[in-house]
Each structure stands twice: as C-alpha cells, then as structure tokens.
Amino acid sequence: MAAVTDRLATEDATEDVVRGPEEAAAARAVEAEPLLHRNLLNLSLHPGGCRHLLHLCAQQSPEELQRLRFLRLGTHEDPGLLEAALAQLPSRLPQLYSLMLLGGQQQDSEGYRLRGNLTSLPSCLSGLAHLTHLDLSFNKLETLPACVSQLPCLDTLLISYNDFSELPVSFPALTFYAAVHNYLQMVPAALGTLSTLQRLDLSDNLLDTLPPEIGDLSNLVELNLARNRLGSLPDSLTKLHSLRLCVLFSNLLTSLPIGLTRLPLLTRLDLRANKLREVPPEYLDAPCVQLQENPLGRPPPDPPSPPGTPVVPEMPSLFLTSELDSFLVTPQGCSVTLACGFRLYFPEGATATPITIHYRLWLPEPRLVPLGPHDTLLSHVLELQPHGVAFQQDVGLWLLFSPPRARRYREVVVRTLSEDSWTDLETHLEGVVASKRLWARCQVPHFSWFLVVSRPVSNTCLVQPEGALLLSSVHPGIKVVFPPGATEEPRRVRMQVVHVASLDLEALLGDPEAAMSPLLCLWQDSVPDFLQPITIQLPLPPGVTGLSLDRSCLHLLYRAPPSATWDDITMQVALELTHLYARFQVTHFSWYWLWYTTKTCVGGLARKAWERLRLHRVNLIALQRRRDPEQVDATLKRLLERYRGPEPSDTVELFEGEKFFAAFERGIHVDAERPDCVEGRVCFVFYSHLKNVKEVYVTTALDRETQAVRGQVSFYRGEVPTEVPEEAEAARQKKAADTLWLATLPIKLPRLRRSQGPGLGPEQGPGASLSLEPLNLGDPESGFLTQGNLLCVGKRLGPDWQAVALNLGLSYSELQRIRHEFRDDLDGQIRHMLFSWAERQAGRPGAVWLLVQALEQSDRQDVAEEVRAILKLGLQKFQANIQRLGLAPSDPSPPCTSTAQSPEPTQA
C-alpha cells in the first residue's frame, strides 16, 4: 500500500512539473468529474479507473464521498493498484450500496472479451455494512473470498464468467444469485438453505445432477439451468410453488418429473434442445411448455473446459438465409441450418480440402419423387451438390417434415438417388412424436437428391446358400422360409406387409362374408429365380379358420409389377391349410394376397380393392383473395380469413403423386409465365401430406363495367392435353362414362365501380373513368402502375426484394414475418411485400415515385428505368387520348386514370 501511494505521489509530482500545479489539479478534477453523477461513480469505461478512485479518495471531502451509493470499477488494472483502491472503500465509501468489479471491457484480437485481473478481495471489504449488490463477473476467481460471506446486507451476488468449480452457498439473505459460465459440476445440498432466494441462474456449466434439496427454495421465482449436462430432474422441483420461469434449454434430459406443469404460478417451462423421446401428456397439453424449435439430434453446445485444458477452436455454425444457395465447408467441419429448416453436420475431417456446397429445394414432381404404390411423400426434394463427391466421414443430414397421420404399421425413411437407383437410408426420427414437426436424421456418404417418405414397415434379410428365415415385425404370423440350396450366391430380400382392415369390403364387393389377409410384397436384389421353392406363410382372412372354410371360396391372388392386374393362382399352387395359416411355395417374388369370397371374378375385384387402398379422399376449393394479404394456411378456417369463395367441391379421390390441372372457363383466363401453367391451365401434382395450394392471377376480356363476370374453374385428371378442348367440348366430356373431370367451382369477378373525379359527375361523358383496382398503384397527377406492371416488377427483383422493402419503409419485423410465412416461395415473398405495400398507398399522391426511389436506393437502376419508361409511355397515351377526345385544356394536364382492367387473384 505504501509503495502504491508513493508511486502515485511521484506521478502527480511529475505531472505538476509538466503542467504546473494548478493546471494539473484542474485536469485531474476534469477527468474525474464526468465519471461522477449524483451518487453513482462509473470508473469502468476508461483505463486508469483505480488511479482515478485513489485521487478522489485523496481530494474529495469525506462528506462528499459518503454520498456515493453505486460504484463501478473495471478490473483490467495492475493487481497491486486494484487492491490498494479496494482497500479504501470501507473507510472512504462506507455508505456504498452497489459494487461492480467487472472485467470484459477489453477484447483480444479475435473479438473475445478478456477477463479482468481480480483473483481475490481484501478482507476489509467485510466492513461495507450497507452493501446489498456485488457483481464480480468476468474475472479469474476460483474461490470466493471470505469477506463476501461476512457482508450482512448482501442480497444480490453475481459471479458469472469466472473459474469456480464449486458453488459457494453461505449467504442466507440472498434473493438473486448468478454463476453463469463457470466450471460447476455439482450443486451442494446446502443450496436449499437459501430460503429467501428468488432468482437462480446456473446456466452454461457442467452440472449433471441436481440435489433434492433444491425443492426447499420455497420463494424461488426464476430458475435457469440452460446449457448444462442434466440427464434427469429431481421430483422435488414440483415443490417450488412460487416458480414462474424455469429454463432447461439444451441439456441431456431423457425424462421429466410428473407434476411440474401443475405448479400454480408457472408461466414458462423451456425444454427445447434435449434428448426427450417420450413426453408425459401433461407437458404436451400445457401452454407454458416449450418443446418446439429444437435442434433435435444435434448435441448441445459443449460447456467450458476445466482450467488448463487446451483451447479447441469451436466448430462454426452457419445459418443461411433464403438468398444464399451455397456455403463453404473446410476440414474443420461445421454445422449448417438451411433457410428451409433442413440441417447438415460436417464432422471435423469430413473433407480434406475446402469445398463449396450448393443446395436447392425442388417442388415435388413425379420425375423427382420415386414412390411405391403405398408410399407417401412427406417433404420437398433437397438437392445437394456437387453430386457423387465422397466424404472421408459421413455427413449428418436432418430433414424437417410433418409426421404422417397414419403411423401404425408404417415407418419414415430418407430416400436418395445413388448410382442411378433410389435407395432408402437408415433413418432415425428425432423430436416429440406428438408435435407437428419432426426431423428425419440419416448419415450420407455423398450428395445427391434427398426426400422423406412414409412407407409400410420393411423387413430385410441376407439369404445365404445355407438357407434363411424372414419374419414380419408387423404380423408375426407372416414368414418366408428359404431352404438350403435356394441360392448359390448371397442375395438380399425385403418384405413389406400392408394391412387392409379399414377397407369396407361389403360396400365394395356386395358380399357380407368377404374377407382378406394382409397384403404381402416381396423383393430381391437379383433377377434369377430361386433354385429351390420358397415357402410363404400367410394368415387366413379374419373370421376364417382352416377347419370350417369352404376351399372353393379361398383365392390366392398374385400381381407382377408393373402390371396393375391381379391373377388368381389358387389352382396353380398347392395350398397347405392349418387352423390359422395358409402355406404355399413359389420360386420368384412379387405381390401376394389371400381372399375369401363367394364371388367368382376375384381378379377384377382385387384391382378395385387395391386402388381403394391407395386413394385419398380430398375436396377442391377455389378462393379469391380478400384485400388484406395474409399467409395462406392449410386449414379452411384460416383460408377464409383471407379469401372469399364457394364451398368446397364434392369429395373426389386421388392417388398419391397423381397429376391434375385447373382450367378457367366462361370468360375467365390466366396468362402467367410460370412452369406450372400450360396454355392457361394450371398443373398440380397431389401429395397428401404437402400443401397442394397455388395462387394465380386471373383476368377477363369481358366488359365488367356493366355487370359482374360469372366464370368458373374446372379440375381434370392427368396432364394438360396437347389440344385443349373448347368449353362446349369440355362440358360434354364431363358427362362421359370415362370422364377425367373432377369438379367445377364458380369464380365471380365483381362489377367495376365508377369514380367521380374533381369537377366530373358520374355520367359526364368520356371524361369519366373507372376507379383503380386495389392493387393498382398511383394517381392521375403522377401516373400509375397496373397490377400486371407490379407483377413484372416483382419478377425482376429476385433476392433484392428485401433491400427494396426496407427502402419502401417496411420494418425489419415485417420482413421477418414475410420470410417466415413464405419461406419456401421466393415469388410469394416478393408479391406479398409489393402488393401489401401498394394497398397501403391507396389514394396517396406520388406513390409510384416512392417505388422508383426505393429501386434506385437498392441499386436496381435497371428496374427503376423500366418503371420510368412505363410511366412515360402511359402519360403519353393518356395525353393523346385526352386531346383526341377534346378534353385537354389549353395548358395540358396530367392524364386520367387508366381503364385497363385489373386481374383478380384467385386460389386454386
């Protein structure tokens, strides 16, 4: 202490010589004065804080210093100088209420905050009798000095970002305790004695268990244990009746205590990013529980390593926006989250040299979606390039999908194109099964196309020359026996079983006694037939036993793909019947089905029944957009909040992956340059678990000034024909026996209203004009853009639409909402932004030029020039029309409003 005082005196004497005694004293007062505000002294923002504090203690009167209640001091100081400054506090600042000794004000070359030099505290600090708030964050403390536990009024203690390996708990009056990002591996049982504690934050540590005594914190309101290693929770947590907030984000929890959600005051329970496989129903139903937005299957961030452990560079995490379609992978590895929600994990060493990965999300279509007869598509198609590049370690891939409604007897797999053939990868599901979104996780050795498919449960085995037995995991009574010598080379065989219990056979066949067994499908990876007969066992149809059945009513049906016909092979095989099963022998694999019916032509009936198994009952609907654009939702209730339109069509039946198209009729047509529009017909591919929703803008050549246009849209099976029939011919086709027509729905374009311009009545001759449609932009004085013009502008914007939106005055939160709602549709994002902004400009003079200015500010001068050219051409045309009609005054005035008819948006 004496040495420090002498050094400060020497520094002051030197400054007095350089500046002069009066000037130096004034300079030191000016330096300290801005840091002292009322009863608060902040010395952490500038270097030399300890030196300033010692000068204040030496120069200020005791009365002035005793007014101080709050002191903030940086700890990036010389340790001796820091200790000397702290030793002055009890005697010079006895009324101190809050003391903050903080590091973290300085950063290293990589931008990380550096910790301060505080490793201990002088024992005299226990004399701060009024101190209630102590913050020691971002320092190098390994143990808590004894003087802290001797502070009689301390109720808030923050020791975050230090090197504590044990949690000090000798503070009976604490109400807030934070020890974030230390090296705590356990919580002492004595924590339960802190009966006054209200807020406890132990996030970012190494905790793997909690003591039961934590339930004794009867006044605890907030508990934060995020980013630890907790595998379970004590049941005593259910005794925390004052708890309002509990954060358990990013742990290793596999189970949850019963009753935690029933705490009377609990408003938020964050369980995201854990290893939960089964969640009690009470957690699924509780509104306070957060289970979604999990980085499912991804390990939680590693807690800090113990002191002395070599620092390993953290693996980069990339979060791509919708504007990016590529990213760089280095030998260090990385985790990547794509804008569509899919994730990839490249382990360290997956690639020896840096490589750029490109991705694209394709809308599903038959050429990209290989589906079996009973498969269901659950996701869009993800393409990863470069194709075929082999990685030195398998890359983790997480594909997000909505779980199928029918889960029994089915499984979810990731399907990929490998060496010109589609294969199913070993897939693991991650997430809460009852939630609306799950991840399908798989390991991929190289890149190609990937999609998520639901299929009947598949069982496989490798048949050796010595023989094998293949059993169904869905129905134990179904098995295939391979005798010795059935094959010379090992070959892999696969079995699928399709249950048909829900099929209404009586209504389909007209036979009340009809019954059928599960449908059996067998494949093999080689073409040659087996050398020895293979024995197949199928259960008899429900309600039929081998002791009482009429063998003339029992039929074994066979189908050989790609044919859709079923052949009755009962007379070609020897059926061996037991009480419950039927056995027969074959030499090659295909589809087999056992029927019991009094009907004779069973093959045709089987084909109808098989089609019924694969059909989906759906309704078609055509909705017209309301004036306020909102995101299209899958449910009709939410659709009607945005759209108006007729009731849905009658139920129609469609196969998974079946093509159909919409044709606009009776004066309604669509002229859109988009790949799914052929000669004005909008093409669809039906997938039962995806949104079969498309938005198009329809127009009419009919006169809407005198009356509304009552048109319609009809839906037809198949692709758009080469020669699209006329409406009269199409109407006759709807009545044909083999019609491809599905449904017809009305579309009404309302009558256009007349406007009353300044000085003109509604019937004052040619000068009267039609009012602008809601999505037109502009006014008579400055020109305008039609809806078609706005569509052309939108097509040119591409990824620059966000910059244009910000320059138009849209907020960041609104942009975030648009990107989220239309996250798989860039065109939808652009249209939504542009049209919603245009609607808000209705009646605003000069709105068009706001758009031109925003385009120029967004470096889209090319589009801005096109808009200027359109406006100039429009002005010239209207001026010519006004002069031709004799309405132009001597001083030419701006043109009137356009009479171009605005198309009406519709939803098919």
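A few points on the structure. (Residues numbered from 1 in each chain as written. Predicted model: local features only at pLDDT ≥ 70, side-chain atom pairs only at ≥ 80, totals over all residues. Heavy atoms only, no water.)

## Looking at the overall build of the chain
- Across its full length, the chain holds 18 helices and 51 strands.
- Across the 908 residues in the chain, those meeting the buried criterion constitute 48%.
- A fraction of 60% describes how many contacts in the chain between residues 6 or more apart in sequence connect residues 24 or more apart.
- Here the chain has roughly 44400 Å² of accessible surface; of this, 52% comes from carbon and sulfur atoms. (Helix = DSSP H or I, 4+ residues; strand = E, 2+ residues; numbered from the N terminus. Buried < 20%, exposed > 50% of the residue type's maximum accessible area, 1.4 Å probe, protein only. Contact = heavy atoms within 4.5 Å. Areas by Shrake-Rupley, 256 points an atom, 1.4 Å probe, with all protein chains shown as cover.)

## What about the sheet that holds strand S20 (residues 395-401)?
- Ordered by their spatial adjacency, six strands build an open sheet running S13-S15-S16-S20-S24-S23, and the pairing between neighbours is mixed. Two strands close off the open sheet at either side, each with one partner strand: strand S13 (317-319) and strand S23 (428-430). Mean inter-strand twist for the sheet, computed between neighbouring axes without regard to direction, equals 20°.
- When S13 meets strand S15 (residues 334-337), the two strands line up parallel, connected through three bridges. For Leu 318, the partnering residue across the bridge sits in S15 and is Val 336. (Pairing = 2+ DSSP bridges. Axes fitted to C-alpha atoms, helices over the stretch in contact; angles between N-to-C directions.)

## Some details on the state of the cysteines
- Per the stated rule, a full pass over the model turns up zero disulfides.
- This cysteine, Cys 147, is not joined by any disulfide, and Cys 124 carries the nearest cysteine sulfur, 7.8 Å off. (Disulfide = S-S within 2.5 Å.)

## Quick word on the packing of aromatic side chains
- The tally for this structure, following the rule as stated, stands at 20 aromatic pairs.
- Measuring from ring centre to ring centre gives 6.0 Å for Phe 171 and Tyr 177, while their planes differ by 80°; the resulting arrangement is edge-to-face. One exposure class covers both Phe 171 and Tyr 177, and it is buried.
- Ring plane angle 25° and centroid distance 5.4 Å describe the contact between Phe 661 and Tyr 716, whose orientation is recorded as stacked. (Phe/Tyr/Trp six-rings, centres within 6.5 Å; stacked < 30°, edge-to-face > 60°.)

## Remarks on the sheet that holds strand S48 (residues 741-749)
- Spatially, the five strands line up as an open sheet ordered S44-S45-S42-S47-S48, and their pairing is antiparallel. In this open sheet, the two strands that pair with only one neighbour each are strand S44 (677-678) and S48.
- Here strand S42 (residues 659-665) pairs with strand S45 (residues 681-685) via five bridges, running antiparallel. Its bridge partner lying in S45, Phe 660 is registered against Phe 684.

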